[in-house]
Amino acid sequence: MTPAPYWDLPFANQVVPRLRKFNSDLRLLNDVLDDLINRAKSTRAVADIEELEKRNYDNVEDPSLLRFLVDMRGADIDNKQLRDDLMTMLIA
């Protein structure tokens, strides 16, 4: 049991080894997700909702859940929302 929330202390992220490792891992995960999101958004094919509902994702080059989210939500979705959705699915 931790006596105090040391992670709230100034500079704790640079001093505590576990927090340094955690932040490093989180940066890596965010970088990978950002790269995947940017690739998915750049290869997005514009289609109307009926075409997307009928699309057979077995025949798509990138049949990922991210591809589905980007296609369904369109160009107006921001990277932060997509990253949050992916993190939720990854952890859940």
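Quick note: structure is the one above.
Heads up: these notes are all about the structure in this document. (Residues numbered from 1 in each chain as written. Predicted model: local features only at pLDDT ≥ 70, side-chain atom pairs only at ≥ 80, totals over all residues. Heavy atoms only, no water.)

## What about the overall build of the protein chain?
Step number 1: Counting secondary structure elements, the protein chain contains five helices and zero strands.
Step number 2: Listed N to C, the secondary structure of the protein chain is α-α-α-α-α in terms of helices and strands.
Step number 3: Expected size for 92 residues packed as a compact globule is a radius of gyration near 12 Å; at 18 Å, the protein chain overshoots this value by more than 25%.
Step number 4: Projected onto its principal axes, the C-alpha coordinates of the protein chain cover approximately 55 × 25 × 25 Å.
Step number 5: Looking at the 92 residues of the protein chain, the share that counts as buried comes to 23%.
Step number 6: When contacts within the protein chain are restricted to residue pairs at least 6 apart in sequence, long-range pairs at least 24 apart make up 51% of them.
Step number 7: Counting only carbon and sulfur atoms, one obtains 58% of the accessible surface of the protein chain, whose full area is about 7,100 Å².
Step number 8: Once the 13 positive and 17 negative side-chain charges of the protein chain are each reduced to a mean point, those two points are 7 Å apart. (Helix = DSSP H or I, 4+ residues; strand = E, 2+ residues; numbered from the N terminus. Rg over C-alpha atoms; globule rule 2.2 N^0.38 Å. Buried < 20%, exposed > 50% of the residue type's maximum accessible area, 1.4 Å probe, protein only. Contact = heavy atoms within 4.5 Å. Areas by Shrake-Rupley, 256 points an atom, 1.4 Å probe, with all protein chains shown as cover. Lys, Arg positive; Asp, Glu negative; His and termini not counted. Charge placed at Lys NZ, Arg CZ, Asp CG, Glu CD.)

## Here we look at a nonpolar patch on the surface
Step number 1: Taken together, the side chains of Ile 49, Leu 65, Phe 68, Met 72 and Met 89 define a hydrophobic patch exposed on the protein surface, amounting to about 410 Å² of accessible area.
Step number 2: For the nonpolar patch, the element with the highest residue contribution is helix H4 (residues 65-73), accounting for three residues.
Step number 3: Looking at where Phe 68 falls in the secondary structure, it is placed in helix H4. (Patch = residues over 30% accessible without salt bridge, like charges linked within 9 Å, V, L, I, M, F, W, Y side chains within 5 Å. Salt bridge = Lys/Arg side-chain N within 4 Å of Asp/Glu carboxyl O.)

## Quick word on the nonpolar core
Step number 1: With 10 residues, the main nonpolar core is built from Leu 33, Ile 37, Ala 40, Leu 66, Leu 69, Val 70, Ile 77, Leu 82, Leu 86 and Met 87.
Step number 2: Looking at this core, the elements with two or more residues in it are helix H2 (17-42), H4 and helix H5 (79-91).
Step number 3: Aside from chain neighbours lying at most four places away, what touches Ile 37 is Leu 66, Asn 79, Leu 82, Arg 83 and Leu 86. (Core = buried A, V, L, I, M, F, W, Y, C linked by side-chain atoms within 4.5 Å.)

## Details of the layout of surface pockets
Step number 1: In this structure, the largest pocket spans a volume of roughly 160 Å³.
Step number 2: Along the wall of the largest pocket there are 10 residues; nearest its centre are Arg 39, Ala 40, Thr 43, Asp 62 and Arg 67.
Step number 3: Elements supplying a minimum of two residues to the lining of the largest pocket: H2 and H4.
Step number 4: For the lining of the largest pocket, the element with the highest residue contribution is H2, accounting for three residues.
Step number 5: Residue classes in the lining of the largest pocket are distributed as four nonpolar, two polar and four charged. (1 Å grid on protein atoms, 1.4 Å probe; cavity = no way out; pocket = protein on both sides within 12 Å on 5 of 7 lines; lining within 4 Å. Points joined across faces, edges and corners; volume = space filled by probe spheres on them. Nonpolar A, V, L, I, M, F, W, Y, C, P; charged D, E, K, R; others polar.)

In short, the description is geometric, and any link to function would need to be established separately.
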